Amino acid sequence: MKILITGANTGIGYATAERLVKQDQHVILACRNADKAKTAQVRLQTLGQGQVDIVTLDLNSLESVQQSANDIAEQYGALDVLINNAGLFAKSKQLTQDGFEQQFGVNYLGHFLFTHKLLPVLSNAPKARIIHLASIAHWMGNIKPKTFHGEGLYNPLYFYGQSKLANLLFSHELARQLAGSTITNNALHPGGVDSDIYRELPTLAHKALQLGLVPTSIPAKLIEDMAISVEWENKNGEYVSAHMPNWQSRHATNKGLAERLYMQSMEMVSPYL
Ligand SMILES: NC(=O)c1ccc[n+]([C@@H]2O[C@H](COP(=O)([O-])OP(=O)(O)OC[C@H]3O[C@@H](n4cnc5c(N)ncnc54)[C@H](OP(=O)(O)O)[C@@H]3O)[C@@H](O)[C@H]2O)c1
């Protein structure tokens with residue numbers, strides 16, 4: 001199977017790639033940093049027979065996302081699994097190239113465009129699966145269109161929560177739209193995982209937090225199952241968790257909110273579709 005993972009040079013994405021390469025799957029690492037991607041590719045190639053490719057993807061720029069998706073369509077024609085994994089936690093306000101608050105833009109909107117651009121490529125596989133990395137942190141957020149460009153007081157936790165809530169709402173909405181098609185769509189919370197995502201935290205806070213974190217291999221096992229197991233072949237619209245409860249906030253299960261966000265997102269990415 002051809003399996004594309006965004007942000008696969010480190011963390012949960014890399015650990016997932018490790019498991020899939022060991023299963024001799026064809027893994028495509030979609031990364032922004034060519035050197036980090038190359039290092040990951042070389043390490044992965046020693047683990048199994050599965051082919052490991054690299055494609056360039058910078059979710060900070062909708063133009064890069066568009067270009068990347070076009071290149072993937074041309075190079076591969078069909079894709080069996082898309083794992084929307086890349087993400088960041090930003091402790092201070094930054095904007096994407098298109099002027100969106102960075103966590104909203106990278107974690108959510110870039111993936112929204114990327115997924116839409118790749119739907120025809122996923123449709124070309126006999127059966128395809130889309131997997132979104134959401135988070136229990138979605139409880140900290142809401143969807144406030146007036147903050148999509150980082151307006152107002154910057155609370156990093158709120159903005160991370162908004163981006164992860166958007167991931168989950170998008171997953172639910174897409175699952176409804178894809179029901180009955182050859183593509184399934186699901187989301188997960190990977191748990192509190194020891195990865196680079198906490199790199200911006202102060203050292204002491206990071207050390208304290210690390211005591212409660214699990215290794216990347218825990219969510220990687222769940223994502224591997226969601227991507228290639230028979231058990232997950234026909235599941236659609238699920239939200240599961242690797243090692244914590246998969247409780248959803250009332251915003252996450254709000255169908256109207258998901259539909260509105262979907263329409264707003266379509267408008268925001270329309271020049272690149
Ligand atoms: N770790 C946790 O406790 C936790 C909990 C809940 C959810 N999650 C979610 O799990 C996913 C993976 O996170 P992780 O913990 O594995 O974090 P990580 O170790 O920091 O890895 C994140 C990956 O995303 C990539 N990335 C960041 N910005 C990007 C951009 N503009 N374009 C393309 N790629 C970009 C990073 O690339 P670089 O190496 O170049 O920066 C890296 O490969 C994220 O969606 C995160 O929100 C994590």
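Each value, and the rule that gives it
Residues numbered from 1 in each chain as written. Predicted model: local features only at pLDDT ≥ 70, side-chain atom pairs only at ≥ 80, totals over all residues. Heavy atoms only, no water. Salt bridge = Lys/Arg side-chain N within 4 Å of Asp/Glu carboxyl O. Helix = DSSP H or I, 4+ residues; strand = E, 2+ residues; numbered from the N terminus. Buried < 20%, exposed > 50% of the residue type's maximum accessible area, 1.4 Å probe, protein only. Near = heavy atom within 4 Å. Polar contact = N/O pair within 3.5 Å; in protein donor to acceptor, adjacent residues only side chain to side chain. Areas by Shrake-Rupley, 256 points an atom, 1.4 Å probe, with all protein chains shown as cover. 1 Å grid on protein atoms, 1.4 Å probe; cavity = no way out; pocket = protein on both sides within 12 Å on 5 of 7 lines; lining within 4 Å. Sits in = over half its atoms within 2 Å of the grid points. Nonpolar A, V, L, I, M, F, W, Y, C, P; charged D, E, K, R; others polar.

Here the focus is the pattern of salt bridges. For the structure on display, the rule yields five salt bridges. Linking glutamate 224 and arginine 19 is a salt bridge whose minimum nitrogen-to-oxygen distance equals 2.6 Å. Of this pair, glutamate 224 sits in helix α7 (residues 217-228) while arginine 19 is found in helix α1 (residues 11-22), placing the two residues 205 residues apart along the sequence. Across the salt bridge formed by glutamate 173 and arginine 176, the nearest N and O atoms sit 3.4 Å from each other. Taken as a pair, glutamate 173 and arginine 176 lie in helix α5 (residues 156-178) at a separation of three residues, close to a single helical turn. Residue class for glutamate 173 comes out buried when judged on its relative accessible area of 8%.

Let us look at the site of the ligand. Within the structure, the ligand sits among 31 residues, and Asn9, Arg32, Tyr160, Ser195 and Tyr198 are positioned closest to it. Separating an oxygen atom of the ligand from a side-chain N or O atom of asparagine 9 is a distance of 2.7 Å. The backbone of asparagine 85 places a nitrogen or oxygen atom 2.7 Å from an oxygen atom of the ligand. Calculation on the ligand without its partners gives an accessible area of 900 Å², and the protein chains cover 98% of this total. At a threshold of 2 Å from the grid points, most atoms of the ligand map onto the largest pocket. Among the secondary structure elements, those contributing two or more residues to the shell around the ligand are α1 and α5. Counted by class, the shell around the ligand contains 13 nonpolar, twelve polar and six charged residues.

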